[in-house]
Amino acid sequence: MLTLLVSLLILSGIAALLALFLEIADSYLADYGEKQILINEQKQLVVEGGRPLLSTLMGQGIFIPSACGGKGTCSYCKVKVLEGGGPVLPTETPYLSPEERNAHVRLSCQVKVKDNLKIEIPEELFLVKEYRVRVESIRDLTPEIKSISLRIQSPEEGITFKAGQYVQFEVPKYKRTSGPEYRAYSISSDAAERHSLELVVTKVPQGAVTTYVHDFLKEGEDLRATGPYGKFYLRNSDRDILFIATGSGMAPVKSILHQVEHEQLRKKVQFFFGARTPKDLYYQEELLAWEKTLPDFKYVPTLSRPLEEEHWKGEKGRVTNLIDKYIPEGANIDVYICGSPAMVDSCVEILKKKRIPDDRIFFDKFE
Ligand SMILES: Cc1cc2nc3c(=O)[nH]c(=O)nc-3n(C[C@H](O)[C@H](O)[C@H](O)COP(=O)(O)OP(=O)(O)OC[C@H]3O[C@@H](n4cnc5c(N)ncnc54)[C@H](O)[C@@H]3O)c2cc1C
Ligand code: FES
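Only a predicted model underlies this, so the values are computations on that prediction, with no experimental measurement involved. (Residues numbered from 1 in each chain as written. Chains lettered and ligands numbered in written order. Predicted model: local features only at pLDDT ≥ 70, side-chain atom pairs only at ≥ 80, totals over all residues. Heavy atoms only, no water.)

Asker: Sorry, what's going on with the overall build of the protein here?
Answerer: Assigned secondary structure in the protein consists of 8 helices and 17 strands. A globule of 367 residues ought to have a C-alpha radius of gyration of about 21 Å, and the protein, at 23 Å, matches this closely. With respect to the three principal axes, the spread of C-alpha positions in the protein is 65 × 65 × 45 Å. Evaluated residue by residue, the protein yields a buried proportion of 48% over its 367 residues. In the protein, the share of contacts with a sequence separation of at least 24, taken over all contacts with a separation of at least 6, comes to 69%. Here the protein has roughly 19,000 Å² of accessible surface; of this, 53% comes from carbon and sulfur atoms. On the protein, the mean spot of the 48 positive side-chain charges and the mean spot of the 51 negative ones are 3 Å from each other. (Helix = DSSP H or I, 4+ residues; strand = E, 2+ residues; numbered from the N terminus. Rg over C-alpha atoms; globule rule 2.2 N^0.38 Å. Buried < 20%, exposed > 50% of the residue type's maximum accessible area, 1.4 Å probe, protein only. Contact = heavy atoms within 4.5 Å. Areas by Shrake-Rupley, 256 points an atom, 1.4 Å probe, with all protein chains shown as cover. Lys, Arg positive; Asp, Glu negative; His and termini not counted. Charge placed at Lys NZ, Arg CZ, Asp CG, Glu CD.)

Put into structure tokens, the structure is as follows:
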């Protein structure tokens, strides 16, 4: 048995090495020349072959959502490759459902442009642009969260986005990285403001982009961002609204609350926010002010680990407890959830038990 296991391990090691060798040889030796990419039967590009479809399109000013920075771990970069994409790769299979495979959906960061391609992308992606942004200010919101204010240098007209959407923000090569790296960050500022953006960034230990933002980023620095992306925005409906967030998941909710304020929405709006200790609460002033100025808004923070000496008098426990406590079965609400995948999944599970239909639950998972 042990011999069999060892042989299997050796064989898979050899296979992995061979695949790596072929990949390296391919990138150095193969010359694919010029290739054509036909997009949505309407736009024809002539590109240099050999690179991933995602970065090839990016080089042509077509930006596909790619929250993980093209590392093959987020699955945001799905496009339909109708012709020329070759077989689905092992790196793609965990992210594609049987229906998606039948519909020729692929991860554009994994598909290489080796042939002429015919692809389909959502029309709204033609509206995504690249921005030069200047860091205006960096502020500590909590011990682990910073906000960065960015002024858009170009294009001159600034950015148009729906409250709740995100941008992909790039930081330059530094000692931890081998090149520039970008990740997705939700916009926390008011969508009415077209020439500046505020992002809220939680430090991730060993994280490429967050370490740069927390430890190296300087005011006055010029960087690159693309956007807007995402479908986490307010839907038109007569129902009341429940927002649920933890950590930097507050960012898109804050942006949407600016919209609620501008539109003076006459519906009940509740916001359940989960943090560990009072030090992890932020944007308190804005939220408490909205309780006074919005027609019907309630902000309910809950702490999972308040210390006795902090004398916390508010709700205790996780945000899921608040759903249990305050949301009746079959409530007539739309729910918007944002934060870690585990938190989002737990909330969705409880909401389903409360008979809130799937099509009234919207979320962004910060993976
Ligand atoms: C749509 C969308 C919107 C997002 N908006 C925001 C936002 O507004 N603010 C924000 O701070 N982040 C946001 N994120 C997460 C963000 O895009 C990055 O994933 C995160 O900042 C980590 O990037 P990094 O380069 O520092 O870490 P990486 O170098 O990518 O990761 C380093 C290691 O940390 C792990 N890791 C990555 N993220 C986390 C995490 N959150 N907790 C624990 N471990 C982690 C990785 O698996 C890896 O092992 C969003 C993500 C998505 C998909
Ligand atoms: S960009 Fe994240 S999986 Fe392709």
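Asker: What's the story with helix α5 (residues 250-263) in this structure? I'm lost.
Answerer: Taking 1.5 Å of rise per residue, 14 residues should cover 20 Å, and α5 covers 20 Å from first to last C-alpha, within 8% of that figure. Buried residues dominate α5, accounting for 10 of its 14 residues. Buried within α5 are the following residues: Met-250, Ala-251, Pro-252, Val-253, Lys-254, Ser-255, Ile-256, Leu-257, His-258 and Val-260. Just past α5, the residue Gln-264 takes up positive phi, approximately 45 degrees. (Expected span 1.5 Å × (residues − 1).)

Asker: Can you walk me through the packing of α5 against helix α6 (residues 284-293) in this structure?
Answerer: When two helices pack together, their arrangement is given by the angle between the helix axes and the distance between those axes. Two elements in contact, α5 and α6, have axes separated by 12 Å at closest approach and are oriented at 30 degrees. Taken together, the axes of α5 and α6 are roughly parallel relative to one another. Considering the relative orientation of α5 and α6, their crossing is left-handed. Residue-level contacts link Met-250, Lys-254, Leu-257, His-258 and Glu-261 of α5 to Leu-287, Trp-290 and Thr-293 of α6. A per-class count over the contact of α5 with α6 returns 4 nonpolar, 2 polar and 2 charged. (Axes fitted to C-alpha atoms, helices over the stretch in contact; angles between N-to-C directions. Parallel < 35°, antiparallel > 145°, perpendicular 65-115°, else oblique. Left-handed = near helix turned anticlockwise from the far one by under 90°. Nonpolar A, V, L, I, M, F, W, Y, C, P; charged D, E, K, R; others polar.)

Asker: I keep staring at the pairing of strand β14 (residues 297-303) and nothing clicks. Help me out?
Answerer: For a regular strand, side chains alternate in direction, first toward one face of the sheet and then toward the other. Most of β14 is tucked away: 6 of the 7 residues are buried. Where strand β13 (residues 269-275) and β14 come together, 7 bridges link them in parallel fashion. By the bridge assignment for β14, Gly-274 is matched with Thr-302. What joins β13 to β14 is α6, and the crossover it makes is right-handed. Pairing between β14 and strand β15 (residues 315-316): 2 bridges, direction parallel. Its bridge partner being in β15, Leu-303 is matched across the sheet by Lys-316. (Pairing = 2+ DSSP bridges. Right-handed = clockwise from strand over helix to strand, strands pointing away.)

Asker: When you look at the sheet that holds strand β17 (residues 361-365) in this model, what are you seeing that I'm missing?
Answerer: What holds strands together in a sheet is hydrogen bonding between their backbones, with the strands either parallel or antiparallel. Strands sit in the order β15-β14-β13-β12-β16-β17 across an open sheet of 6 strands; the sheet is parallel. With partners counted over all chains shown, the strands left at the sheet margins are β15 and β17, one partner each. Sheet topology note: the strand β16 (residues 333-339)/β17 ladder contains 5 bridges and is parallel. Within the sheet, the bridge partner assigned to Ile-337 lies in β17 and is Phe-363. Together, β12 (240-246), β16 and β17 form the strand contacts of helix α8 (residues 341-353), whose direction differs from that of β16 by roughly 160 degrees.

Asker: What is the right way to read the environment of Ala-225 from this model?
Answerer: By secondary structure assignment, the location of Ala-225 is in strand β11 (residues 222-229). Setting aside residues up to four positions removed in sequence, Ala-225 forms contacts with Lys-129, Glu-130, Tyr-131, Gln-168 and Phe-169.

Asker: I'm lost on the site of ligand 1 in this one. Help?
Answerer: Taken together, the neighbourhood of ligand 1 is formed by 20 residues, with Ala-184, Tyr-185, Val-200, Val-209 and Thr-210 sitting nearest. Within the side chain of Tyr-185, one N or O atom sits 2.7 Å away from an oxygen atom of ligand 1. When the free accessible area of ligand 1 is taken as 930 Å², the share hidden by the protein chains comes to 71%. Of all the secondary structure elements, the ones that give two or more residues to the shell around ligand 1 are β9 (181-186), β10 (196-202), α4 (208-215) and β17. (Near = heavy atom within 4 Å. Polar contact = N/O pair within 3.5 Å; in protein donor to acceptor, adjacent residues only side chain to side chain.)

Asker: Quick question: what am I supposed to make of the layout of surface pockets here?
Answerer: Rolled over the atoms, a probe sized like a water molecule indicates the empty space that remains. Size it by volume and the largest pocket reaches roughly 1,300 Å³. Listed by contribution, the elements that provide at least two residues to the lining of the largest pocket are β9, β10, α4, β13, α7 (319-326), α8 and β17. Of the residues in the lining of the largest pocket, the class split is 22 nonpolar, 17 polar and 11 charged. There is about 880 Å³ of room inside the second largest pocket. As for the second largest pocket, its lining consists of 33 residues, of which Glu-124, Gln-165, Tyr-229, Gly-230 and Lys-231 are closest to the centre. At the level of elements, β6 (129-140), β11 and β17 are the ones that each hand at least two residues to the lining of the second largest pocket. The greatest single-element share of the lining of the second largest pocket, amounting to 5 residues, is contributed by β17. Here the lining of the second largest pocket is composed, by residue class, of 18 nonpolar, 5 polar and 10 charged. (1 Å grid on protein atoms, 1.4 Å probe; cavity = no way out; pocket = protein on both sides within 12 Å on 5 of 7 lines; lining within 4 Å. Points joined across faces, edges and corners; volume = space filled by probe spheres on them.)

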